[in-house]
Amino acid sequence: MERRTESRLSQELAGQRAASQAWKIIADLFGGVLLGIAVGFGIDHFAGTAPVGILSGVLLGFALSVWMAWRTAKRIQAEAEQAGGVPQAVPFDDEDEEDA
């Protein structure tokens, strides 16, 4: 019984860690674009260049966010390889089926 509980806890921990890493990548993607929009809007506001600043900011923010997400994914992959080889998939959550 204890072994099953330990296995379930390790599966839950793996699932939580995977979700955390996914949210980090999503935050990188949205954060870069939002930062680009904010900087572009600021440039437009102070320089008076109506759509140019915001469009440039969106493009640069998108490029920055893709680079940050790629960097995070490479770090996650390196950690997984260092921990023991190929990253493994998160196990399927069959909690509802066991209760029935």
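Refer to the structure printed above.
Nothing here was measured: the structure is a model prediction, and the numbers come from that model.

Quick word on the overall build of the protein chain
For the protein chain, the helix and strand inventory stands at 3 helices and 0 strands. Ordered by position in the sequence, the α and β elements of the protein chain form the string α-α-α. Here the protein chain holds 100 residues, and the buried ones make up 13% of them. Accessible surface, the protein chain as shown: approximately 8,000 Å² in total, 66% of it carbon and sulfur.

Remarks on the environment of K24
With respect to the helices and strands, K24 occurs in helix α1 (residues 2–47). Sequence separation between K24 and T72 is 48 residues, and the spatial gap between their C-alpha atoms is 8.0 Å.

Looking at the pattern of salt bridges
Going through the model one piece at a time under the given rule, you end up with 3 salt bridges. In this structure, D28 engages K24 in a salt bridge whose closest nitrogen and oxygen atoms are separated by 3.1 Å. Residue D28 and its partner K24 are both found in helix α1; the two are separated by 4 residues, about one turn of the helix. What makes D28 buried here is its relative accessible area of 7%. For the salt bridge of R75 with E79, the shortest nitrogen-to-oxygen distance reads 3.0 Å. Highlighted residues: R75 and E79, both in helix α2 (residues 50–84), separated by 4 residues, approximately one helical turn. The class of R75 is partly exposed, set by a relative accessible area of 40%.

Description of the environment of D44
In this structure, D44 sits in helix α1. On the basis of relative accessible area, D44 is assigned to the buried category, the value being 11%. Sequence-wise, D44 and G57 are 13 residues apart; in three dimensions their C-alpha atoms are separated by 9.9 Å. Residues in contact with D44, not counting those within four places in the same chain, are T49, A50, P51, V52, G53 and I54.

Overview of a nonpolar patch on the surface
On the surface, a cluster of nonpolar side chains totalling about 610 Å² of accessible area is made up of W23, I26, F30, L34, I37 and V58. Per element, the largest residue contribution to the nonpolar patch is 5 residues, and it comes from α1.

Details of the side chain of T72
Mapped onto the elements, T72 comes out in helix α2. When its relative accessible area of 3% is taken as the criterion, T72 is described as buried. Dropping the residues within four chain positions of it, T72 is found in contact with K24, I25 and D28.

Reading the values: rules and limits
- Residues numbered from 1 in each chain as written.
- Predicted model: local features only at pLDDT ≥ 70, side-chain atom pairs only at ≥ 80, totals over all residues.
- Heavy atoms only, no water.
- Helix = DSSP H or I, 4+ residues; strand = E, 2+ residues; numbered from the N terminus.
- Buried < 20%, exposed > 50% of the residue type's maximum accessible area, 1.4 Å probe, protein only.
- Areas by Shrake-Rupley, 256 points an atom, 1.4 Å probe, with all protein chains shown as cover.
- Salt bridge = Lys/Arg side-chain N within 4 Å of Asp/Glu carboxyl O.
- Contact = heavy atoms within 4.5 Å.
- Patch = residues over 30% accessible without salt bridge, like charges linked within 9 Å, V, L, I, M, F, W, Y side chains within 5 Å.

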